[in-house]
Amino acid sequence: MKAPPKIPSPLAILLFGVLTAVLLLAAIINGLRSDLHSQLEESGRRADEVARNVAQAVRLPLRTGANAMTFIAEESARLQRTAPEQGDVLIKGLVTEILGRQPQMVDITFLDVATPGDGAAPSMPPPRWTLCAARASSPSGAPCFGPITRLPGGLALSVAAPVDGRRWVTGDISLSALERAVENVPHGSGTSFKVVDEQGRPIAQGGNLDATPASADMAETPSWTEKLFKVHAPSPLVVSLRVEPYPFKVIAHTSRQAALAAWHRHVAVAAAFYALYLLVFAGLLGVMYRATRMQRYYIRHLVGKTQELHAAQRVGRTAIWSFHDSRFHCTDESGELFGLSGGRCTASAREFLALVLPRDRPALARQARAAWKTHGALHAEFQIRKSGGAVRHLSARGQVVVDDDGTKKMTGTVVDVTEQWEARRRHAESEHRFRTLFDHNPLAFWVFDAATLRFLEVNAEAVRAYGYTRDEFLRMTIHDIRDPDDRRELAEHLGMPSDERTNPQLWVHRTKDGRAIDVRIHAADIEFNGVPARLIMAEDVRAELAGEREVMYHASHDLATGLPNQHALLSRMDTLVANGREFGIAYIQLLGMDAIADTFGIQVATGTLQAMAARLSEGIGPDEFLAAINQEAFAWMASGELMTEVRLRWIVQCVAEPLFYEDTQHQIDIVVGTARHPDDAVRSDVLLGCAALAAHAHIRSDRPIHGFEPSLARDSRERLHFAANLRRAVNRHEFELHFQPITDYPGMRLIGLEALIRWPQPDGTFIPPSTFIPLCEESGLIVPLGQWVLNQVAKAATRLADAGFRHLPIGINVSPAELRNGDLVANLRAARTHYALEGGAIYVELTESCLIEHRDKAIDVMRKLRDEGIAIALDDFGTGFSSLSYLRDLPIDMLKIDQGFIRDVDRDARSATICEAIISLGKSLGIRVMAEGIERSSQYEWLHRHGCDGAQGFYLGRPEPLAELLKRWPPASLPSAMR
């Protein structure tokens, strides 16, 4: 086998790439250095060329003007010598002609600088021509230049040429000619120039004026450029050239940006190329790194898979084997299959055959020789005995193969099938047990073909139960033991998924003599003699179904009336809802049934209810449905067209007629609530609830029939929401106690307090007790709320004692629910003990409604309270129906006249008479009489005059927190007996 090709390591590639990057960077820097020097030299050459061109252009108008002045001087001297008489005229004409031809010449004049009659040597021009001093020795006619002056037409250069020893010709050359002369001087895009005089004043400029050097641009070459590229030249490049023999100088320069523009592009290209190289090199390294990681991953994966394969072989008791050169090789490293000695995985053919049991050895050797000879497949099963004595069943498969080098060998797999052999043995035993159980089972069993439905086998109990012989069964199908009407249903059942068919089913079968029997079928899919079949167990459930039918009847009917109950009604409504039918439901609430039960007993109430159910059932049609909801309500359901006002009034009239039962006559009132599907609700339970809500919401109405309105549900939800908030408030103790003073006459001194509960809200308002106390009584919250009030009152009594009100009693109101609870006396005793209160610190106020509803219980509790030394006040006296009997029979200490009588006691004779009678009655019985609801001084004065014992009302003080009350009523306001 050839050796695998070698792959360069990532480290070698990294070192080679880094070295190449360094060499490439050095080559790029060297090339850029050479290019930079070339660019700088080229920029200097261009600047020098521009300076020379500008100097040449400037000389032209100056030379022309100077030549004109020389010509005038020479001609003037010649004419003076040859024609002195006409010289002045001719000279003037010559000057005029020259000024016309030379527009740059301005104001040509003659100067006489010699002293008249003086025979001295020629003198110089006036002082402004001091520049000409150096040229005093110039030959006649040679010009000299004076200063630059400003004329009305602009700047001008003074020029003078000597005519003779005493005269000079002078003129001015307009410098605007210089500006025109340099306009078309060729220059590079980054080169600019200017012409200056000897004092450095600019005369003309041109070129790329945007490239004029600034102070920043005149800076030296950056330090990194000097160090990296060995450059020390200033930037920009400046060339200065004098315009001989004229008093001007040309300065040309090339900016650093223009000089190095091309070089910067070369740097950018080189940097991009170098970055591309680094990027490609980094990408190559990434590819190599990922390839290396992938290689390592595949190696680990291959090793893991190899280990998993070996583990799977060990778990599955499988091994790979091969046979060549008379040697046996396998992968059974752990010895699980063959158990070769010493943990070996190879053995000779003789050693291997020695492991095979003698009875399997010849057949295995024969099959192996035949496969080797014919190159066919080997499939053999045999048993071996391992070194420990255990016998294993093995199944071997193999094939003769020839390698590329021509080596012939046999290879394949071997599997330990001991468990399968054991399973087949157990299966055979199971079949035997199944046959025994099948034939001798006391329940009817049979097997039928899943395709043809023909019976394949039946047991003895099936033969006995159905009356057919076994041979008759085997000639029949399962249709023969069913009614013909069941064929469709049976076909649908057999077409269901197998997991659904396994559920027990109830069927009706027919025996040979035609009798019908109810059976519960238990079925399972099996394979019988190679054919898909079903195993059936038929359980006779006739007796069980009879009991279930009775149970189902009781579950769906009211036992007292025999009518369908609420569950049956909801089921019927669900069916109509599913079919999209429109219908109505009437909730018939009977009023007064509890009074019948309390008065005549449960038996009479039940009999009355049965008679009423019979009366209503007589008028119910076949398309209507009547159900008993509870002991006080029925429900009538009918289609939308039958649910009419006439039918509802018939129900009301039917119930309203007097009913006689066992020598008793009963007049039952009724209220009916109606709801319709789908207008009011789409769910059956919600629809029934809507009808019941309509009835319960109008239970005290004068009209008997009321339809459901959405506002009823909204009000009910609000009530439930209010109840939930109330329960949370009770649990969190979100209430406050306010205390209202009770005073005597006539000094208005405190003789007691009444504790009044308030429910504060987040907006600062209070919910009055009249709103939430009834709901607390209905929901049972009044008991924990009363316990909290009692504890708070006990704490308040302690604070009163500490503040100097030691004998000031506090009254608490007790509801009927607290009276029924039976813990009132114990709670009061516990509170007094816990807070160490005196006997008269707390007294109890009961309403007449408590005494009317729970007379016996109230009397018992009141007597226990009296035994505990707790005073009892009868609140709202005069509003009940048995007030006088209470005064006679009950242990009452105080009467509180209801504020309805106090309201007009000072201006209504009837109210005054009633109050006077109550006060007199209390006095005669020795009971203190209190008046509540006093709001005017006239009421207070009337009560004082008629002997009332105590006063309470807004006139004397509104209910307020205890801390505020103590500020308004100091201990000095107590009677002397209470201090």
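Residues numbered from 1 in each chain as written. Predicted model: local features only at pLDDT ≥ 70, side-chain atom pairs only at ≥ 80, totals over all residues. Heavy atoms only, no water.

The next thing to look at is the overall build of the chain. Each helix and strand in the chain was counted, giving 31 helices and 35 strands. In the chain, which comprises 979 residues, the proportion classed as buried is 41%. Carbon and sulfur atoms form 55% of the exposed surface of the chain, whose accessible area is close to 53100 Å². (Helix = DSSP H or I, 4+ residues; strand = E, 2+ residues; numbered from the N terminus. Buried < 20%, exposed > 50% of the residue type's maximum accessible area, 1.4 Å probe, protein only. Areas by Shrake-Rupley, 256 points an atom, 1.4 Å probe, with all protein chains shown as cover.)

A word on a negative patch on the surface. A cluster of acidic side chains, namely Glu582, Asp623, Glu641 and Asp679, defines a negative patch on the protein surface. Looking at the secondary structure, you find Asp623 in the loop between helix 17 (602-618) and strand 21 (625-630). Overall, the relative accessible area of 60% leaves Asp623 in the exposed class. (Patch = residues over 30% accessible without salt bridge, like charges linked within 9 Å, V, L, I, M, F, W, Y side chains within 5 Å. Salt bridge = Lys/Arg side-chain N within 4 Å of Asp/Glu carboxyl O. Lys, Arg positive; Asp, Glu negative; His and termini not counted. Charge placed at Lys NZ, Arg CZ, Asp CG, Glu CD.)

Along an α-helix, residues three or four positions apart point the same way, because every turn accommodates 3.6 residues. All of the buried residues along helix 30 (residues 937-945) are Gln939, Tyr940, Trp942 and Leu943. All buried residues of helix 30 lie within an arc of 165° about the axis, which places them on one face of the element. In this structure, the buried residues of helix 30 make contact with strand 27 (736-743), helix 28 (899-902), helix 29 (909-925), strand 34 (928-932) and strand 35 (950-952). Once helix 30 finishes, Gly947 follows within two positions and takes phi at roughly 85°, a positive value. (Arc of directions from axis to C-beta. Contact = heavy atoms within 4.5 Å.)

Once that is clear, we can look at the pattern of salt bridges. Scanning the entire structure with this criterion turns up 32 salt bridges. We note a salt bridge from Arg78 to Glu75, for which the minimum N-O separation is 2.6 Å. Of the two residues, Arg78 and Glu75 are both situated in helix 1 (residues 10-82); the distance of 3 residues between them amounts to about one turn of the helix.

Attention now moves to the environment of Ala523. Inspection of the secondary structure assignment puts Ala523 in strand 18 (residues 516-528). The spacing of Ala523 and Ala538 is 15 residues in sequence and 8.9 Å in space, taken between C-alpha atoms.

The subject of this paragraph is the confidence of the model for the chain. Per-residue confidence for the chain gives a mean pLDDT of 81, with 87% of residues at or over 70. Under a pLDDT of 50 for its full length, residues 115-123 has, in the predicted model, 7 contacts with residues more than four places off or in other chains. Note that residues 133-140 has pLDDT below 50 and, in this model, 9 contacts with residues that lie over four places away or in other chains. (pLDDT = per-residue confidence, 0-100.)

This part covers the environment of Gln80. Here Gln80 shows up in helix 1. Between the alpha carbons of Gln80 and Val163 there is a distance of 9.9 Å; along the sequence they are 83 residues apart. In contact with Gln80, not counting residues within four places along its chain, are Asp88 and Arg167.

Strand order in the open sheet formed by 4 strands is 1-4-3-2, and the pairing between neighbours is antiparallel. At either end of the open sheet lies a strand with only one pairing partner, and these are strand 1 (105-112) and strand 2 (144-151). Averaged over all pairs of adjacent strands, the angle between strand axes in this sheet comes to 25°, irrespective of strand direction. Its contacts with the sheet place helix 1 against strand 1, strand 2, strand 3 (154-162) and strand 4 (167-174), and it is angled at close to 155° to strand 4. (Pairing = 2+ DSSP bridges. Axes fitted to C-alpha atoms, helices over the stretch in contact; angles between N-to-C directions.)

The next thing to look at is the sheet that holds strand 26 (residues 705-707). Across the sheet, 5 strands lie side by side as 21-22-20-25-26; this open sheet has mixed pairing. Strand pairing shows two members of the sheet lacking a second neighbour, strand 21 and strand 26, which therefore form its edges. Ignoring which end each strand starts from, the neighbouring axes of this sheet average 20° apart. In the sheet, strand 20 (residues 583-591) pairs with strand 25 (residues 669-677) via 9 bridges, with the strands oriented antiparallel. In the strand pairing of strand 25, Ile588 is matched with Val672. Here helix 15 (residues 566-578) sits on the sheet and contacts strand 20, strand 21, strand 22 (633-639) and strand 25; the angle it forms with strand 21, its principal contact strand, is near 135°.

Let us now look at the packing of aromatic side chains. Applying the stated criterion across every chain, the model contains 19 aromatic pairs. Relative to Phe772, the ring of Phe735 has its centre 5.4 Å away and its plane inclined at 40°; by these criteria the two rings are tilted. Note that Phe735 is positioned in the loop between helix 20 (710-732) and strand 27 and Phe772 in helix 21 (residues 769-779), a separation of 37 residues in sequence. As far as the burial class goes, Phe735 and Phe772 line up, both buried. Of the aromatic side chains, those joined through ring pairs into one cluster are Trp446, Phe455, Tyr466, Tyr468 and Phe473. (Phe/Tyr/Trp six-rings, centres within 6.5 Å; stacked < 30°, edge-to-face > 60°.)

Counting across every chain of the model gives 0 disulfides. Between Cys948, a free cysteine, and Cys915, which holds the nearest cysteine sulfur, the sulfur-to-sulfur gap is 8.6 Å. (Disulfide = S-S within 2.5 Å.)

The next thing to look at is the packing of helix 22 (residues 782-802) against helix 24 (residues 824-834). In contact at an axis separation of 10 Å, helix 22 and helix 24 are set at 30° when each is read in the N-to-C sense. The angle between helix 22 and helix 24 falls in the class roughly parallel. Between helix 22 and helix 24 lies a crossing whose hand is right-handed. Across from Gln787, Leu790 and Ala794 in helix 22, the residues of helix 24 making contact are Asn827, Leu828 and Ala831. When its residues are assigned to classes, the contact of helix 22 with helix 24 shows 4 nonpolar, 2 polar and no charged. (Parallel < 35°, antiparallel > 145°, perpendicular 65-115°, else oblique. Left-handed = near helix turned anticlockwise from the far one by under 90°. Nonpolar A, V, L, I, M, F, W, Y, C, P; charged D, E, K, R; others polar.)

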